[in-house]
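As a plain string of letters, each chain reads:
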Amino acid sequence: MKKLHLSTIALCVTSLLVGCNDGSGFVSTAKPKTDTPAVVTETAVRNMSTDAGREISAIDADSPPAETVSNLFDGNKGTKFLTFSKNATVIFKASQAYELVSYNFISADDEPNRDPKNWVLKASNDANEWLEIDSQANQVFAKRGQLNSYEIEGELSAYQYYKFELVHGGTDSYGNDILQLAEIELQVKAKAPIVSYNVNDKTPEVDQFIIFKDTSLAGATSWEWQFEDGTPATSTALSPLVKFSSLGPKTVTLTASNDKGSTTLVDKNAIRVWDPATPWAGFPKPAVSYTKNLADHPGQLALERVMPDLTDIIHQISLGVAQILYTNVTEINVFETLNFETGEYDFPAAKSGTDKNMILYFDLNHLANLESKGDEALRQEIMGILWHELTHGYNNTPANGEYKPGAELHSYLEGLANYVRIKAGFLEHQRPQISWIDSWNEDAYNQTSFFLEWVANTNQNTDFIRLFNASANEIEEWSFDAAFKSIFSAQRGIDIVFAQYQQYLKNDLGLTPSYPTPVEGYRNFAQDAGMTVTGYATDVGIWGEGVDKTTDNNVKNKYNAIIEAPWWVAEHAPTLLPIQVVSSVDVDFSFEQTQLLNRYSIATGNDNPQRDPTSWQVFGSTDGANWQLIDTAMFPDNPARLVTYQFEVPSNTTAYAYYRFSFLNEQTGDGVGGDEGRLVQLGEIALLTKE
């Protein structure tokens, strides 16, 4: 513990806090005073968007509960305003009239086409007569979380009302017309001080003295400091010397005043007091509250039965997550409150809220459906979800990227959260599902997380996960490749490391690629340019299981076609009705040039063996009208899932421009026929000719 001689330190403070070392171990890091004049009231500007007394509204906005217009002016770019429409009109009423000097827009976390592209800004003092003071067209935000600034030109006047008429950038990648924005900052001329301060050490030990210094703009002349659990607890000095007597995060409050008024800054978790000998002592636990939307729901009753200690569990897991991601309590992202909300949702669980205040949603139907597996299985699932979702409260988040499947930001957030769930021991039921992947970005929740586990286990000397999490804050243009190069070296980016993981999958786990098993000396001409594939039965293309999946070179993407409609078509896919009347599922391939079929392969789907074809016939044609039977075959008994089965066609000596596969499913028994329907499911078809 540092022991300081107060009189010597006090002398150093009066000496402009420059390079003081009294032999006690204390060295000031404060910068020397310069001749730069203080910023005066007339030139300083401040963001008045979060002032008390403001009123915010959006006309005809259709927003989710956690993404309302109030998020635009909450001072947090981690939240956003979203409306399910192309346009939005946002009205901001200030606490008094201000001269608007400029304004900033900060883009939201995903989907650039949802950004505002065109807008008009109007001002008023009565909300009836509006004057246009700015307009912008064809605006682009370079990245997510991007701040674009716009100055108000011409003579400035004071207004109390400001109205933004916004138009989005176009239909997004999901086909929706949605407008969203993270934050609007309204910059006005400052009168009272713009409060800020510096401190020479934000992570002191108990009873270690640290130095605060006011850096407020707009000519502050007096100061009132408050230090939570500090000595002194208050001060009116420009640069007070303070120590803290207990562990944990501390709040610092500074009120700076001049002849125009006073402004107060409340800086929560500003100081992290810690003990290097016990680096996790003083860990701040979030305050947990509960919202029960359906108190008598079977899932709610099951939750309360198996998790009577839920608050304690949340606190234990919060600490456990932090210890996986960080080395000590001073490094963590602190969120202050967690509201555990239960109801009926379209997802098992989700995290919402802000950086400081988390909302954790749990679907009661999901919990009720798990009850049949027993209380221990239900508790294990809840524990696993908590490890995953609480990771989102503590992990660092890159400032760039889009959150959507297939994007690096999505793979980072969900892959890291499920890695933590793996580390805690609550994802072992998914370990048998590890499979060959062609990209680390292919399946964030499972394959990416197990890839991260392999990297961590094979590079334990690098403290990989903590460095990976830290990279999200340290790398401005973050990516997996940039993160891996920062951790390992410029020569070991993501491609190099992932290639080593693929060797592990192949050599140690015996896994094969997801594309059809190739045959040496043969070429799959189903991949030729100009090939077309056509199905002659109703398929489930609306769910991504259309006939195109027979030749997408990925056995995991299946084709499902219907011979006899199951019960779920009418309930969940009524647009498929009426289904085509067929007794077999026919698939035709056509080519620009004739091709000789020497062999072919068919891969099974990933599930539902009752949908495997029981037999099929293969035909060839030169004109697409007259067909010649060239093979009849079937799978072996009880074919394995996602396996490529090879078939030779030795009798075929004619090259055809058209090939047809006619599949039958004549299975009987449970799950086949009647309301369960009769389908034909395939993983992939490959047509092979000798090279």
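What counts, and at which threshold
- Residues numbered from 1 in each chain as written.
- Predicted model: local features only at pLDDT ≥ 70, side-chain atom pairs only at ≥ 80, totals over all residues.
- Heavy atoms only, no water.
- Phe/Tyr/Trp six-rings, centres within 6.5 Å; stacked < 30°, edge-to-face > 60°.
- Helix = DSSP H or I, 4+ residues; strand = E, 2+ residues; numbered from the N terminus.
- Lys NZ or Arg CZ within 6 Å of the ring centre and 35° of its normal.
- Buried < 20%, exposed > 50% of the residue type's maximum accessible area, 1.4 Å probe, protein only.
- Pairing = 2+ DSSP bridges.
- Axes fitted to C-alpha atoms, helices over the stretch in contact; angles between N-to-C directions.
- Core = buried A, V, L, I, M, F, W, Y, C linked by side-chain atoms within 4.5 Å.
- Contact = heavy atoms within 4.5 Å.
- Parallel < 35°, antiparallel > 145°, perpendicular 65-115°, else oblique.
- Nonpolar A, V, L, I, M, F, W, Y, C, P; charged D, E, K, R; others polar.

Draft legend 1. Spotlight on the packing of aromatic side chains. Throughout the structure, instances matching the rule amount to 54 aromatic pairs. Ring geometry for Trp-130 against Tyr-161: centres 6.4 Å apart, planes inclined by 80 degrees, an arrangement best described as edge-to-face. With a gap of 31 residues between them, Trp-130 in the loop between strand 5 (116-124) and strand 6 (131-136) and Tyr-161 in strand 8 (residues 158-168) connect regions that are remote in the sequence. The ring centre of Phe-488 lies 4.7 Å from the NZ or CZ of Arg-492, which sits over that ring. Its end group placed over the ring of Tyr-522, Arg-599 keeps NZ or CZ at 5.4 Å from the ring centre.

Draft legend 2. Quick look at unusual backbone geometry. Cis geometry is found at the peptide bond from Thr-231 to Pro-232, where omega equals 0 degrees. Inspection of the secondary structure assignment puts Pro-232 in the loop between strand 14 (230-231) and strand 15 (234-235). With an omega of -10 degrees, the peptide bond between Leu-577 and Pro-578 qualifies as cis. By the secondary structure assignment, Pro-578 is in the loop between helix 11 (567-572) and strand 27 (585-596). Its identity is not glycine, yet Glu-111 carries a phi of approximately 50 degrees, on the positive side. Along the chain, the position of Glu-111 falls in the loop between strand 4 (87-106) and strand 5. Here Glu-111 falls in the buried class, since its relative accessible area comes to 2%.

Draft legend 3. Focus on the sheet that holds strand 28 (residues 599-603). On the basis of which strands lie adjacent, the open sheet formed by four strands has the order 23-34-28-31 and antiparallel pairing. Of all strands in the sheet, those with a lone pairing partner are strand 23 (522-524) and strand 31 (644-648), marking the two edges. Averaged over all pairs of adjacent strands, the angle between their axes in this sheet comes to 25 degrees, without regard to strand direction. Relative to strand 34 (residues 684-690), strand 28 runs antiparallel, the two being bridged by five bridges. Looking at the pairing, Ala-603 lines up with Glu-684 of strand 34.

Draft legend 4. Highlighting the nonpolar core. The biggest cluster of nonpolar side chains holds 72 residues, and the ones touching the most others in it are Leu-386, Phe-451, Phe-464, Phe-468 and Phe-484. Other than its neighbours up to four places away in sequence, Phe-451 contacts Trp-440, Phe-484, Ile-494, Val-497, Phe-498 and Tyr-501. The next biggest cluster of nonpolar side chains, apart from the first, holds 32 residues, and it includes Ala-561, Val-585, Val-587 and Tyr-600.

Draft legend 5. Broad picture of the pairing of strand 5. Note: strand 5 against strand 8, eight bridges, orientation antiparallel. Paired with Ala-123 across the strands is Tyr-162, a residue of strand 8. With five bridges joining them, strand 5 and strand 6 adopt antiparallel strand pairing. By the bridge assignment, Lys-122 is partnered in strand 6 with Glu-132.

Draft legend 6. Fine view of the packing of helix 7 (residues 444-458) against helix 10 (residues 494-507). In contact at an axis separation of 11 Å, helix 7 and helix 10 are set at 95 degrees when each is read in the N-to-C sense. In terms of axis orientation, helix 7 runs roughly perpendicular to helix 10. Facing helix 7, whose interface residues are Gln-447, Phe-450, Phe-451, Trp-454 and Val-455, helix 10 presents Ile-494, Val-497, Phe-498, Gln-500, Tyr-501 and Tyr-504. The class makeup of the residues in the contact of helix 7 with helix 10 is nine nonpolar, two polar and no charged.

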